[in-house]
Amino acid sequence: MSAVTGFKRLGLAVFVLILGVFGALAVVSFLIPQDQVRDAVKSEIRSVTGLDPDLRGGVSVSLFPYGKVELWDVALGDSAGEPPLHASRLVARLSFLPLLFGQVEIADITLADPRIVVTVDSKGRSNWSPLLTSLTRAFDTKQRLTDDVPSFSEIRINSGTIVVRDDYRQVYEYVSGADLSLAWPAISRSFAVTGTARYRGEMLDIGVTLGNFAAALQGDRSALKVRVAGEPLKLAFDGAIATRPTLKIEGATSIDSLSLRQAIAWMGKKPLPGGGFERFSLKAQTNVLGGTIALSQVNLELDGNTAEGVLTFVVDGRQTLQGTLAADALDLTSYLSTVRLLAAPDREWSRTPIDLDGLTTADLDLRLSAAKIMIGTAQLGRTAIATNLRAGKLGITVGEARGFGGVIRGNINLAKAEQGAAFASQIVFDNVNLERCIGELFGIKRIDAKGSLTFALEGTGQSVYALTRTLEGEATLTANKGALTGLNVEQLLRRLERRPLSGGSEFRSGRTPFETLSVQVKIAKGNATVEAVDLRGQTVQLALEGEASIPARDLDLKGVATLVSASADRKAFELPFVVQGRWDDPVMLPDAQILIQRSGAAAPLLEALRRHNREERNETAPAAIPTLPALTSEPVAPTAATAPLATKEAGAQTTPGATTIEPTAPTLPLPAVTTAPAAKVE
């Protein structure tokens with residue numbers, strides 16, 4: 001017999017064998033009654049899980065290409081209400097060899113479109129309690145030592161839905177599209193769930209492993225591993241769990257998220273206020289006892305900031321986060337990036353509504369210390385801060401902060417109110433660089449000195465602008481050995497002492513040194529009353545009072561500048577002045593009337609102009625013109641009244657046929673009155 005013939009005969013024999021097997025299976029499928037198959041499957045499920053399924057629908061047995069049994073309308077639990085588990089179809093894949101002998105043994109089970117409902121009533125009782133009791137009895141250690149090894153160890157869930165309704169904690173959760181594989185304890189004691197599910201619109205990869213399923217069912221300690229990975233976050237836990245006498249979990253936890261802000265919103269919490277809260281990472285030793293989660297050896301990374309410490313999260317009742325964290329350096333700029341006190345480019349107070357809804361998300365009691373803190377361009381040194389958030393009221397207490405070259409202490413309170421936001425603050429800036437400090441706070445850089453600034457303010461409003469209109473409180477400032485920048489009061493006074501009507505731009509530039517400076521301000525309904533400003537220098541003294549509008553950011557002040565004389569027998573030169581305009585660019589103007597009265601030449605001229613204007617209105621202008629000798633076409637000999645203009649002032653020049661009048665102060669209105677040839681007025 002040739003080799004070809006041998007292979008043909010072998011192939012024919014194999015074909016006949018396969019055909020015989022399938023024929024036998026076909027015969028068996030007809031010989032096994034469907035009721036017997038249903039009862040066998042039900043008995044197998046009860047033997048393995050300890051649960052008694054309610055097989056309500058029809059039965060279908062198929063042996064090609066493999067043996068399987070399909071059961072429709074399957075439920076677990078009380079049939080009076082909504083069952084804890086209901087599947088539209090249960091598919092049991094059968095073991096091949098036992099089936100040849102007419103025995104039904106399940107290899108694995110698949111639940112198609114199951115709906116798993118977990119409910120907890122207002123008294124804390126769950127609808128799964130009876131089922132868990134049955135599971136516990138089935139996995140009792142003593143009983144499992146004498147029972148046979150279960151026939152199947154895998155249960156699959158396809159397109160499942162999980163609903164959790166907890167009336168006790170007011171929780172409702174919904175999970176859809178669950179494709180899970182349950183590794184049921186058979187030879188080993190472990191239980192594992194792996195697969196994917198959609199939760200709050202995001203698909204998650206899930207992995208849960210219990211090292212000792214029977215011990216876990218009885219409430220005893222069992223190893224626990226949890227892995228959850230998705231777009232919002234990644235969570236991993238490796239430790240142990242026990243539920244008797246109370247819930248206790250301990251182990252190592254790690255959480256990572258590309259955006260903590262989005263993760264919190266995904267979990268159904270209210271959005272966090274401000275900016276930041278993006279890249280997040282947490283690693284800690286976790287200890288859960290009842291409704292309290294304690295985290296020790298915490299390593300926290302948030303928006304590039306790293307801190308270490310301990311945290312405690314209370315989930316029973318109102319959620320509360322408590323803890324202490326320490327960091328080398330913190331950059332808080334991103335968290336305040338959306339807080340706009342001033343609106344560019346006009347530098348007006350922001351009218352954007354203040355949103356404080358995020359303050360009601362949870363309660364907070366957090367103590368934070370750092371060696372360095374950065375907020376925009378401002379930088380603080382060693383800082384200790386306590387933050388308390390309760391019932392939507394935020395309180396920040398600065399125990400000590402090294403900043404602006406000095407020390408900062410105080411508190412800030414912010415809460416939601418009927419009028420929008422309620423603000424209150426008491427802050428002390430002790431021995432700080434006032435130019436940097438006031439510049440960062442109010443955008444004013446006019447005081448180059450070290451000193452102290454204290455203020456107590458409170459107000460309410462829908463926006464920063466509205467809040468400034470209701471401000472109440474007071475503020476004080478003291479400084480030593482510094483200077484006012486943008487003002488050269490000494491130079492201005494000396495020039496005006498020599499030439500009262502001279503002027504220039506010196507008062508808008510330069511510096512005014514001082515030995516001491518004190519400011520006292522009372523604030524009522526957004527208007528600041530400057531009760532006293534006292535500046536004392538070696539050559540200049542200033543006294544100032546008036547009002548400032550906080551909403552409009554402008555000044556209306558009056559004061560007296562005194563040029564201190566070096567000689568005791570010489571009277572000090574005093575000049576009344578006004579300060580008006582915007583905070584960040586005020587204008588200092590001398591009192592024009594006083595300057596004119598002090599000018600011997602200009603006083604008669606002003607009086608003549610006044611008479612001229614009155615007579616012109618009375619149609620008597622020709623009679624008034626001859627009374628203006630300083631504006632005639634012929635040179636006029638100097639008189640006692642006009643001599644200072646021609647001889648004593650430096651830089652005065654005359655030309656034949658014309659008389660030059662020194663330029664007057666910016667606020668002095670002088671109409672141009674000329675005859676032929678015209679006088680030149682500079």
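What you see is a predicted model; the values in this text were computed from it and never measured. (Residues numbered from 1 in each chain as written. Predicted model: local features only at pLDDT ≥ 70, side-chain atom pairs only at ≥ 80, totals over all residues. Heavy atoms only, no water.)

**Considerations on the overall build of the protein**
In step 1: In terms of helices and strands, the protein carries 14 helices and 31 strands.
In step 2: Considering the protein as a whole, with its 682 residues, one finds that 37% of them fall into the buried category.
In step 3: A separation of at least 24 residues holds for 47% of the contacts in the protein among residues at least 6 apart in sequence.
In step 4: When the accessible surface of the protein is totalled, it reaches about 37,100 Å², and 57% of it is carbon and sulfur. (Helix = DSSP H or I, 4+ residues; strand = E, 2+ residues; numbered from the N terminus. Buried < 20%, exposed > 50% of the residue type's maximum accessible area, 1.4 Å probe, protein only. Contact = heavy atoms within 4.5 Å. Areas by Shrake-Rupley, 256 points an atom, 1.4 Å probe, with all protein chains shown as cover.)

**A few points about the nonpolar core**
In step 1: Judged by nonpolar contacts, the single largest core of 75 residues is most densely connected at F429, I447, L477 and L517.
In step 2: By size, the runner-up hydrophobic cluster in this structure holds 54 residues, among which are V104, I155, A197 and F213. (Core = buried A, V, L, I, M, F, W, Y, C linked by side-chain atoms within 4.5 Å.)

**Some words on helix α10 (residues 489-498)**
In step 1: Of all the residues in α10, the buried ones are V489, L492, L493 and L496. Looking straight down α10, one finds that the buried residues subtend no more than 95° of arc, so they occupy a single side. (Arc of directions from axis to C-beta.)

**Points about the packing of aromatic side chains**
In step 1: For the structure shown, the criterion picks out seven aromatic pairs.
In step 2: Ring centres 5.4 Å apart and planes at 85° place the aromatic pair Y199 and W266 in the edge-to-face group. Of this pair, Y199 sits in strand β8 (residues 191-199) while W266 sits in helix α7 (residues 260-266), placing them 67 residues apart in sequence.
In step 3: Owing to a relative accessible area of 13%, W266 belongs among the buried residues under this scheme.
In step 4: Plain terms: the ring middles of W349 and W583 are 6.3 Å apart, the flat faces sit at 85° to each other, and that makes the pair edge-to-face. (Phe/Tyr/Trp six-rings, centres within 6.5 Å; stacked < 30°, edge-to-face > 60°.)

**As for the side chain of N488**
In step 1: One can find N488 in the loop between β25 (472-485) and α10.
In step 2: The exposure class of N488 is buried, given its relative accessible area of 18%.

**With respect to the confidence of the model for the protein**
In step 1: Within the protein, residue pLDDT values average 80, and 74% of them lie at 70 or more.
In step 2: Counting contacts from residues 141-146, a segment whose pLDDT is below 50, to residues more than four positions away or on other chains yields eight contacts.
In step 3: Across residues 620-682, where pLDDT falls below 50, the model places 58 contacts with residues more than four positions away in sequence or in other chains. (pLDDT = per-residue confidence, 0-100.)

**Some thoughts on the pattern of salt bridges**
In step 1: Going through the model one piece at a time under the given rule, you end up with 24 salt bridges.
In step 2: For R165, the salt bridge goes to E82, with nearest N and O atoms at 3.6 Å. In this pair, R165 sits in strand β6 (residues 154-166) while E82 sits in the loop between β3 (68-76) and β4 (85-94), placing the two residues 83 residues apart along the sequence.
In step 3: Several salt bridges converge on common partners, so that one network encompasses R93, D108, E154 and R156. (Salt bridge = Lys/Arg side-chain N within 4 Å of Asp/Glu carboxyl O.)

**Describing the environment of T306**
In step 1: Tracing the sequence through the fold places T306 in strand β15 (residues 305-314).
In step 2: Between the C-alpha atoms of T306 and L282, which are 24 residues apart in sequence, the distance is 9.9 Å.
In step 3: For T306, the contacting residues outside a window of four places in its chain are N299, L300, E301, A326 and A327.

**A word on the environment of R221**
In step 1: As for its placement among the helices and strands, R221 is situated in the loop between α6 (213-217) and β10 (222-229).
In step 2: Using a relative accessible area of 54% as the deciding quantity, one classes R221 as exposed.
In step 3: When the C-alpha atoms of R221 and I241 are compared, they prove to be 5.5 Å apart, with 20 residues separating the residues in sequence.
In step 4: Those residues within four positions of R221 in sequence are excluded, and the remaining contacts are A215, A240, I241, A242 and E250.
In step 5: A distance of 2.7 Å separates the side chain of R221 from the side chain of E250, its partner in a polar contact. (Polar contact = N/O pair within 3.5 Å; in protein donor to acceptor, adjacent residues only side chain to side chain.)

**Looking at the environment of T243**
In step 1: Note that T243 resides in the loop between β11 (234-242) and β12 (248-257).
In step 2: Each C-alpha atom of the pair T243 and G219 lies 4.4 Å from the other, and the pair is 24 residues apart in sequence.
In step 3: Excluding anything up to four places from it in sequence, T243 contacts A216 and G219.

**A few points about the pairing of strand β24 (residues 447-461)**
Working note: regular strand, side chains alternate between the two faces of the sheet.
In step 1: Here strand β23 (residues 420-433) pairs with β24 via 11 bridges, running antiparallel. From the neighbouring strand, A422 faces β24, where its bridge partner is T460.
In step 2: Bridge count for β24 against β25 is 11 bridges, and the pairing is antiparallel. Across the sheet, residue T454 finds its bridge partner in β25, namely T476. (Pairing = 2+ DSSP bridges.)

**What about unusual backbone geometry?**
In step 1: For the bond running from R244 to P245, omega is 5°, close enough to zero to count as cis.
In step 2: Among the secondary structure elements, P245 is positioned in the loop between β11 and β12.
In step 3: For F404, which is not glycine, the phi torsion reads 55° and is therefore positive.
In step 4: The residue F404 is located in the loop between β21 (393-403) and β22 (406-417) in this model.
In step 5: Relative accessible area serves as the criterion here: at 7%, F404 is assigned to the buried category.

**Overview of the pairing of strand β27 (residues 527-536)**
In step 1: When strand β26 (residues 511-524) meets β27, the two strands line up antiparallel, connected through nine bridges. Note that in β27 the partner of V519 across the bridge is V533.
In step 2: Connecting β26 to the next strand, β27, in antiparallel fashion are two residues, including K525 with a positive phi near 50°.
In step 3: As defined by bridge partners, β27 adjoins strand β28 (residues 540-549) across eight bridges and the pair is classed as antiparallel. Opposite A528, over in β28, you have A548 as the bridge partner.
In step 4: The antiparallel hairpin formed by β27 and β28 contains three residues in its connecting segment.

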